[in-house]
Amino acid sequence: MTSAPSQLPPWRPLLKAAQRKEGRSPMSRWLQLATVASDGSPRVRTLVFRGWREGSTLELFTDARSTKVEDLAGEPRAELCWLLPKARCQFRLRGVALKLAPETQQEREQAHWMQLRPEGRALWGWPAPGQPLEATAHFPSAILDGTPTPDSFALLSLEIHQVELLELTGSPHRRRRWIANNGWQVTDLNP
Ligand SMILES: Cc1cc2nc3c(=O)[nH]c(=O)nc-3n(C[C@H](O)[C@H](O)[C@H](O)COP(=O)(O)O)c2cc1C
């Protein structure tokens, strides 16, 4: 089955429903981002889902100095794994990190930065992630409203082109794959 390109991807309402089952748990927004490092080896870590832009571009925030940014600059293809335990399902989203025009990137980063709470912004005032901790290092607990967007703040935009959903709720389990190809084509798979 194929859906028209302008419609919301058919897997989005399923993901939303699974997120809703988590209730107020922060788990509904935690996902794992897998990248490939410059030596070809895999890297994976947890990030907070920050929202959708258009139908299938997923937004994440990170530190521009972190290694994932370097990974994605070298190999923009990435995979996300999103476990929604209450719904007993797993989404695997394949995509590519978009390289936006510098003005667009800056505009979007600024809009997101302004919407963060001061405590939420604090992380981007911390020393470079992954570097040895220095005794004199300063870790602010908040960054006040009105502070310009720091260079450390990075918005990642991942355009998703393939989604796999595995649902463990019944027996047998149910596995489906959607591929973006002038609309979204779905195939049922063996679990
Ligand atoms: C629950 C949770 C949420 C996290 N959210 C983010 C996030 O939204 N962005 C981020 O860059 N790192 C986040 N982290 C930290 C990353 O998992 C990772 O440790 C850090 O980004 C450095 O990764 P890298 O060295 O592979 O670039 C989170 C960690 C946890 C445990």
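Remember, predicted model here, so these are calculated numbers, not experimental data.

A. The side chain of Q162, seen in detail. Inspection of the secondary structure assignment puts Q162 in strand β7 (residues 153-167). You can call Q162 buried: its relative accessible area is 13%. Not counting the four nearest positions on each side in its chain, Q162 is found in contact with R92, L93, R94, R177, W178, I179 and W184.

B. Looking closely at the site of the ligand. Taken together, W30, R45, T46, L47, V48, R50, F61, T62, S66, T67 and K68 make up the full set of residues adjacent to the ligand. Contact between the ligand and K68: an oxygen atom at 2.6 Å from a side-chain N or O atom of the residue. Relative to its free-state accessible area of 620 Å², the ligand is covered by the protein chains to the extent of 60%. At a threshold of 2 Å from the grid points, most atoms of the ligand map onto the largest pocket. Those elements giving two or more residues to the shell around the ligand turn out to be β3 (42-53), β4 (57-63) and α2 (67-74). Per-element accounting of the shell around the ligand gives the leading share, five residues, to β3. Taken together, the residues of the shell around the ligand sort by class into four nonpolar, four polar and three charged.

C. Here's a closer look at the layout of surface pockets. For the largest pocket, the calculated volume is near 530 Å³. In this structure, the largest pocket is lined by 23 residues; those nearest its centre are D63, L123, W124, W126 and P129. At the level of elements, β3 and β4 are the ones that each hand at least two residues to the lining of the largest pocket. Of the residues in the lining of the largest pocket, the class split is 13 nonpolar, six polar and four charged. Of the pockets and cavities examined, the second largest pocket occupies roughly 460 Å³. Every residue lining the second largest pocket is counted, 19 residues in all, and those nearest its centre are V69, L98, K99, Q105 and L155. The leading source of residues in the lining of the second largest pocket is β7, at five residues.

The rules behind each value
Residues numbered from 1 in each chain as written. Predicted model: local features only at pLDDT ≥ 70, side-chain atom pairs only at ≥ 80, totals over all residues. Heavy atoms only, no water. Helix = DSSP H or I, 4+ residues; strand = E, 2+ residues; numbered from the N terminus. Buried < 20%, exposed > 50% of the residue type's maximum accessible area, 1.4 Å probe, protein only. Contact = heavy atoms within 4.5 Å. Near = heavy atom within 4 Å. Polar contact = N/O pair within 3.5 Å; in protein donor to acceptor, adjacent residues only side chain to side chain. Areas by Shrake-Rupley, 256 points an atom, 1.4 Å probe, with all protein chains shown as cover. 1 Å grid on protein atoms, 1.4 Å probe; cavity = no way out; pocket = protein on both sides within 12 Å on 5 of 7 lines; lining within 4 Å. Sits in = over half its atoms within 2 Å of the grid points. Nonpolar A, V, L, I, M, F, W, Y, C, P; charged D, E, K, R; others polar. Points joined across faces, edges and corners; volume = space filled by probe spheres on them.

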